[in-house]
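Residues per chain are reported as follows:
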Amino acid sequence: MRAAFTVAALLACLPAVALESGGVVPNVTLPRLGTVEPPPAIASLKGRVVYVDFWASWCVPCRLSMPALDALYKKHSAAGLTVIGVNKDTSPDAAQKFLERVPVGFPLARDEQDTIAKAFDVKAMPSGYLIDRKGVVRKVHRGFTAETAGALERQIEDLLKESA
C-alpha cells in the first residue's frame, strides 16, 4: 500500500505534458457547431496550414480574435490556410448568441465536455495552435491582442511559403 501511494505521489509531481511548439496535433473528433460548414478532421489537413482556436462566448478577448481570424481565413484560405474554431461553452445557445453578434465563415466545432481542449491542453482563453503543413504545432498563442493579430498573420504567411 505504501509503495502504491509513493508511486502515485511521484507521478503527481511530474509536470503535465502541454501541447507546445514542436508537438504533434492530437487526432480528435470535431463535432459541428451551428450552420457553418462542418470542421474537417485535423488529420485530413496535412498539406495545409491550420489554426485551431479555442473560444467561448464569455471570453472577452474572443470578441477581438474571432473577427481577426475570420479576416485571416478569408485572406489566406485560397493559399492553403484553414481556421477551425472550437467552442468551449457548455451551452450551444450561448455560442450561437455570440456568433449572431460576431459572425465568422470558418468551420466551427463544439466542445461542451472539454474533450478537445484537454487533448490540446488548453491553458487560457482564447488559445490558438498554429500548425504547419506537416501537422506539427509551430506556435501557441494564449490570449489575443492587436499585436497578436499582426504576429499571427506574419507567422501564417511564413508557413504558407513552406512546402509540405
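The rules we used
Residues numbered from 1 in each chain as written. Predicted model: local features only at pLDDT ≥ 70, side-chain atom pairs only at ≥ 80, totals over all residues. Heavy atoms only, no water. Helix = DSSP H or I, 4+ residues; strand = E, 2+ residues; numbered from the N terminus. Buried < 20%, exposed > 50% of the residue type's maximum accessible area, 1.4 Å probe, protein only. Contact = heavy atoms within 4.5 Å. Areas by Shrake-Rupley, 256 points an atom, 1.4 Å probe, with all protein chains shown as cover. Pairing = 2+ DSSP bridges. Axes fitted to C-alpha atoms, helices over the stretch in contact; angles between N-to-C directions. pLDDT = per-residue confidence, 0-100. Core = buried A, V, L, I, M, F, W, Y, C linked by side-chain atoms within 4.5 Å. Arc of directions from axis to C-beta.

## Let's talk about the overall build of the protein
Thought 1: When its secondary structure is counted, the protein shows five helices and five strands.
Thought 2: In the protein, the succession of α and β elements from N to C terminus is α-β-α-β-α-β-α-β-β-α.
Thought 3: With 164 residues in all, the protein has 46% of them scored as buried.
Thought 4: For the protein, long-range pairs separated by at least 24 residues make up 74% of all intrachain contacts whose partners lie at least 6 apart in sequence.
Thought 5: Here the protein displays about 8600 Å² of accessible surface, and carbon together with sulfur accounts for 58% of that area.

## What about the sheet that holds strand β4 (residues 127-131)?
Thought 1: In spatial order, the strands read β3-β2-β1-β4-β5; together these five strands make up an open sheet with mixed pairing. The sheet is open, and its two borders are formed by β3 (108-110) and β5 (137-142), each paired with just one other strand. Strand after strand, the sheet turns through a mean of 20° between neighbouring axes, direction not considered.
Thought 2: Across seven bridges, strand β1 (residues 49-55) lies against strand β2 (residues 81-87) in parallel orientation. Within the sheet, the bridge partner assigned to Tyr51 lies in β2 and is Val83.

## Some thoughts on unusual backbone geometry
Glycine aside, residues mostly have negative phi angles, and peptide bonds mostly take the trans form.
Thought 1: Omega for the bond connecting Met125 with Pro126 falls within 30 degrees of zero, at -15°, which places this linkage in the cis form.
Thought 2: Within the secondary structure layout, Pro126 lies in the loop between α4 (115-120) and β4.
Thought 3: Of note, Asp114 is a non-glycine position whose phi angle comes to about 65°, a positive value.
Thought 4: Mapped onto the fold, Asp114 is located in the loop between β3 and α4.

## With respect to the confidence of the model for the protein
Detailed reading of the predicted coordinates is not advisable wherever pLDDT is low.
Thought 1: This prediction gives the protein a mean pLDDT of 85; 85% of its residues lie at or above 70.
Thought 2: Note on residues 1-17: pLDDT is under 50 here. Beyond four places in sequence and across chains, it has one contact.

## Digging into the nonpolar core
Thought 1: Ranked by size, the top nonpolar core spans 46 residues in total, and within it Phe54, Trp55, Met66 and Phe120 carry the most contacts.
Thought 2: Residues within four places of Met66 in sequence aside, it is in contact with Asp53, Trp55, Phe98, Leu99, Val102, Val104, Phe106 and Leu108.

## What about helix α3 (residues 92-101)?
Thought 1: Taken as a whole, α3 has its buried residues at Ala95, Phe98 and Leu99. The arc that holds the buried residues of α3, viewed along the axis, is 100°, so those residues lie on one side. Facing away from the buried surface of α3 by more than 90 degrees, the exposed residues are Asp93, Lys97, Glu100 and Arg101.
Thought 2: On its buried face, α3 is in contact with β1, α2 (62-76), β2 and β3.

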